[in-house]
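# Architecture and fold: a report
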Amino acid sequence: MTSNGAPHTLPTGHARIDHMEMKGIVKRFPGVLAANQVDFDVRTGEVHALLGENGAGKSTLMKILYGMYQPDAGQITIDGKVASIHSPADAIRQGIGMIHQHFMLVPSLTVAENVALGMPSSRAPMLDLDVVSERIVQLAKTYGLQVDPECPVWQLAVGEQQRIEIIKALYRGAALLILDEPTAVLTPQEVDDLFVTLRQMTADGHALIFISHKLHEVLNISDRITVLRDGCVVGSVPAQGATKSGLARMMVGRDVVFQYKRDEVQTGDVLLRVEDLTAQSDRGTPALRAVSFDVHAGEILGLAGVSGNGQRELAQVIFGLRSATGGKVWLGSQDVTNKEPDTLNALGMSYIPEERMLDGVITDFTVAENVILQEHGQAPCSRGRLFLNPRAILQRSSELIRAFDIKTPNANTPIKSLSGGNIQKLILARELRRKPRVLIAAQPTRGVDIGATEYIHQCLLDQRAQGTATLLISEDLDEIMALSDRIAVLYEGTVVGIVDRKDANVEQLGLMMAGVRADAAS
Amino acid sequence: MDLSSFRNPRLYRLIDPLLPLFATLAALLVGAVMLLLMNANPITAYRALYEGAFGSKNAVADTLIKATPLLLVGIGICISFRGGVINVGGEGQMIVGGLAATALALELPETTSPALALLLCLAASFAAGAIWGGIAGALKAYFKVNEILSTIMLNQIAIYWMIYLLNNTLIDPLKAQQASRIPETARLPRQFDLPRIGEWLDTLYKWLGLVGPDDKLWATTLLHLGIVLAVILAIAVYIFLWRTTIGYRIRAVGKNPRASRYAGIRVKRYVVLSLLLSGGLAGLAGGIQVMGVRHRMSAEGGGIAFTGNAGFNGIVAALFGQLHPIGTIPASVLFGALLVGGNKLQRDVQVPSALITVLIGLVIIFVVSSELWRRRRARRRVIVTEAGPPDRPPESQAMEAGR
């Protein structure tokens, strides 16, 4: 790209960072070496991807660069000069910005107010929001971002909020931008938009660090790729010529399957039937408008769609967590519309919730206490329904930990100290142990590392082979395509079409996700 | 320089349970400076405080009597706080508990057997407190009324209801004829007095050969059965919270109502239940105050004269005991001791009684800040573990797990 000959200032008016280098970075936490002699660098005009599984040390390294942690050894140089970065404020002053995975925005404030937050006003002590707004519009135009500075942040979709974060960083003069898993929350289209913006930024001389574990995205956007594993650099390769399987092997340390073993399964009776289901969103607007579909025994029905088109509400209504305003849900031959979760549990329905840390587990409880979340009142976990049976609980937990290969010191470890992938495996273990007839899996691998994703996918396929009817809700089209027998697309609360996996292709699904009906899209 | 690599989790594991003790000592140290500024000798003062609380059998008995309502309210607080509801209605719940016990004692026929009479009155006080707490619970669960507001309001209602009843319905008929009209009931019949346990203790001492056959050590004190009941209930609450399915659900709802609902727990019912039980235990504290200490109900001095502020101090005792029913036992004794010893401190050293309130306040500030410090450290450990590789979890997690 344009590292040579470009002006030394960025279009934002701030100075460029030509070369940032981290050398021999060591960070030790009690019992863990989170970064072990890590070298990493990024130059103006390039995207350098940092790839690694959860816990490989990507975030630690970037938190050191952003001043949130201090390294035990090693140094950071910017354009050849040693930089001392003791806080995020230091980092910002030296032109380093970071977009966190979880946005740091105040929902009730407007875009301009969020951007101005913590910045000196040109008219102190009065606010200068009009000046800020003008500058935002200017920045937005430069990078092709659509932004209304007067709009309150809570009204914005996730992708739009991310744009605000980028503008916030640019406003603060970021020449080097760290993007921590920026695509985890975006739809395919939003990812494309983001990549256009990122390319514009590098063309203008920004240096970008892109953290991810999605291989195709990394291959698509980066110039160089560095892979971390267990706090060490496994290798650093140019994106040109790198392959998915090669990178996956570097990340995981072994070969990774991308094609799953799926047996032909004879589908059986309809186990889950949704009929003209309607429901409202949290704000009282219609979220589901007459949704209908069937899921048969031994079948995975993939539900694709752009985030916020009713997927969350649909799962909640089926599982009795949100009331249906019309229509019916049938479990086998039984009408279970608006039944409580405990009834549905008893009838053989399991739910893997989208927000696993909020809905799936109680983070302050131990692994064992989370294992018995539904069944603590039943034998053998309880004696006579009133007293818990610690020995049986421990035994069940150990069984699940072993059977699902959950990485935890023991069953009495607080669950919050497990990695995301292991927590998800525990939820899966808990739900599948009950041998559900119907399984609702919402975003089962979001934010989960490759190894665990592979494992979870295989579990879902095994469950299918055993005759479970699975509704797989996912925003990851690759996942939907890999696992489903049929694919339904949800758009603004209605099913725009259901297609067979054999006949489906990504372009057609993409059109359907934008609201084009199945017959017109094919 | 980052110190985290030098910190030893094992060391903290030893220190953590003793943290409230260190915090108390630090508070007393600051108190000593204040005493010096008031021209009082801190050593004399603290000796007076200690002797007042533990210097004689009577002092110890007094401390334990004061500790009883704190402990009962405190273990109720353990239930409600663990259940995620903040019950600041202990005062009102104690008052309605006391009223229920009193009213029943005045109504029951004299022929009722003493054991049954006691049991009925204690049950009535529990039930009244439970209703008082349960109202706030139902308001929170079904109408989203903030429980802090509703319990405070219910305190006011209880106080004025008490004043009304003791001026009218429940007033001692003899006093009602007097011009002064002291708003209090007659002394309750003797069969409603909680048994004194001094003689039992003496028998135990004699059996152990600690005292001669005619010595009286505890028999002369006013120590009653209440403290024994409270300690037994503390153990029961511990078993309830950590060994029963209902307790598990209360804790689950307290930690994460969303995940609890997803798991099929009827969250609203358990919110009501936490406040119900919490209120019941405070009500029982009120009943025991009547039957063990006052033997009548009086509106003189308002609500505080009856509760001794135990409805609020019990919260402090529970927090001091780290919301653990067993930890609340020594915490209640400590606060009981401060209250009792404070009287002697005031008499001997001639400092204003407000100083004891200041001392208690200092203890609370130090304990709460040390607890915040401990939690921040625990959170830092969690951040650390998130950064660590999942297959080699750091030792500090296991340390936390053992807690």
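Residues numbered from 1 in each chain as written. Chains lettered and ligands numbered in written order. Predicted model: local features only at pLDDT ≥ 70, side-chain atom pairs only at ≥ 80, totals over all residues. Heavy atoms only, no water.

## What to know about the overall build of chain A
- Across its full length, chain A carries 18 helices and 22 strands.
- Here chain A has a C-alpha radius of gyration of 25 Å; the compact-globule value for 522 residues is 24 Å, and the two agree.
- Along the first, second and third principal axes, the C-alpha atoms of chain A reach 70 × 50 × 50 Å.
- Of all intrachain contacts in chain A linking residues separated by at least 6 positions in sequence, the fraction that spans at least 24 positions is 66%.
- Looking at chain A as shown, the accessible area adds up to about 21200 Å², and 50% of this sits on carbon and sulfur atoms.
- In chain A, which carries 51 positive and 61 negative side-chain charges, the distance between the mean positions of the two groups comes to 5 Å. (Helix = DSSP H or I, 4+ residues; strand = E, 2+ residues; numbered from the N terminus. Rg over C-alpha atoms; globule rule 2.2 N^0.38 Å. Contact = heavy atoms within 4.5 Å. Areas by Shrake-Rupley, 256 points an atom, 1.4 Å probe, with all protein chains shown as cover. Lys, Arg positive; Asp, Glu negative; His and termini not counted. Charge placed at Lys NZ, Arg CZ, Asp CG, Glu CD.)

## Description of the side chain of Asp 193 of chain B
Residues and elements named next belong to chain B.
- Within the secondary structure, Asp 193 is located in the loop between helix H8 (173-177) and helix H9 (198-207).
- Judged by its relative accessible area of 18%, Asp 193 is buried.
- Within the structure, the side chain of Asp 193 is placed 2.8 Å from the side chain of Arg 187, a separation counted as a polar contact.
- Setting aside residues no more than four positions away along its own chain, Asp 193 makes contact with Leu 118, Arg 187, Met 291 and His 295. (Buried < 20%, exposed > 50% of the residue type's maximum accessible area, 1.4 Å probe, protein only. Polar contact = N/O pair within 3.5 Å; in protein donor to acceptor, adjacent residues only side chain to side chain.)

## Section: the domain arrangement of chain A
- For chain A, the assigned domains are domain 1 (19-95 + 175-252), domain 2 (104-168) and domain 3 (270-357 + 437-521).
- Between the C-alpha centres of domain 2 of chain A and domain 3 of chain A the distance comes to 36 Å. (Domains from an automatic or database assignment.)

## Examining a nonpolar patch on the surface
- Taken together, Leu 386 and Phe 387 of chain A together with Ile 235, Ile 239 and Ile 326 of chain B make up a surface patch of nonpolar side chains, about 380 Å² in accessible area.
- In this structure, Ile 239 of chain B sits in helix H10 (residues 226-243). (Patch = residues over 30% accessible without salt bridge, like charges linked within 9 Å, V, L, I, M, F, W, Y side chains within 5 Å. Salt bridge = Lys/Arg side-chain N within 4 Å of Asp/Glu carboxyl O.)

## Looking at the environment of Ala 331 of chain B
All names here are of chain B.
- Its location among the elements puts Ala 331 in helix H16 (residues 325-349).
- Judged by relative accessible area, which is 1%, Ala 331 ranks as buried.
- Along the primary structure Ala 331 and Gly 97 are separated by 234 residues, whereas in three dimensions their C-alpha atoms are 23 Å apart.
- Excluding residues within four positions of it along the chain, Ala 331 makes contact with Ala 317, Phe 320 and Gly 321.

## So, the pairing of strand S6 (residues 96-99) of chain A
All names here are of chain A.
- Residue alternation in S6 divides its side chains into two sets, Ile 96 and Met 98 and Gly 97 and Ile 99, and both sets are buried.
- In this structure, S6 lies alongside strand S7 (residues 176-180), joined through four bridges in parallel fashion. Bridge assignment links Ile 96 to a residue of S7, and that residue is Leu 176. (Pairing = 2+ DSSP bridges.)

## Overview of the sheet that holds strand S3 (residues 47-51) of chain A
Residues and elements named next belong to chain A.
- The six strands lie next to each other as S6-S7-S8-S3-S9-S10, forming an open sheet whose pairing is mixed. Edge positions in the sheet fall to S6 and strand S10 (232-238), since each has one partner strand and no second. Neighbour-to-neighbour, the strand axes of this sheet turn through a mean angle of 20 degrees, independent of strand direction.
- As judged from the five bridges shared by S3 and strand S8 (residues 207-212), these two strands associate in the parallel manner. The residue of S8 that forms the bridge with Ala 49 is Phe 210.
- Each of S3, S7 and S8 is contacted by helix H6 (residues 188-203), which is oriented at about 145 degrees to S8, the strand it contacts most. (Axes fitted to C-alpha atoms, helices over the stretch in contact; angles between N-to-C directions.)

## As for the packing of helix H6 (residues 114-143) of chain B against helix H13 (residues 267-294) of chain B
All names here are of chain B.
- Where H6 meets H13, the closest approach of the two axes is 6 Å, and the angle between their N-to-C directions is 145 degrees. Here the hand of the crossing between H6 and H13 comes out right-handed.
- Along the lines of polarity and charge, the residues of the contact of H6 with H13 split into 18 nonpolar, nine polar and three charged. (Left-handed = near helix turned anticlockwise from the far one by under 90°. Nonpolar A, V, L, I, M, F, W, Y, C, P; charged D, E, K, R; others polar.)

## Structural notes on the pairing of strand S14 (residues 326-331) of chain A
Residues and elements named next belong to chain A.
- As defined by bridge partners, strand S11 (residues 270-280) adjoins S14 across five bridges and the pair is classed as antiparallel. What sits directly across from Leu 272, in S14, is Leu 331.
- Note that S14 and strand S15 (residues 334-335) share two bridges and pair antiparallel. Note that in S15 the partner of Trp 330 across the bridge is Asp 335.
- Hairpin geometry of S14 and S15 is characterised by an intervening segment of two residues between the two adjacent antiparallel strands and by a positive phi of about 65 degrees at Gly 332.

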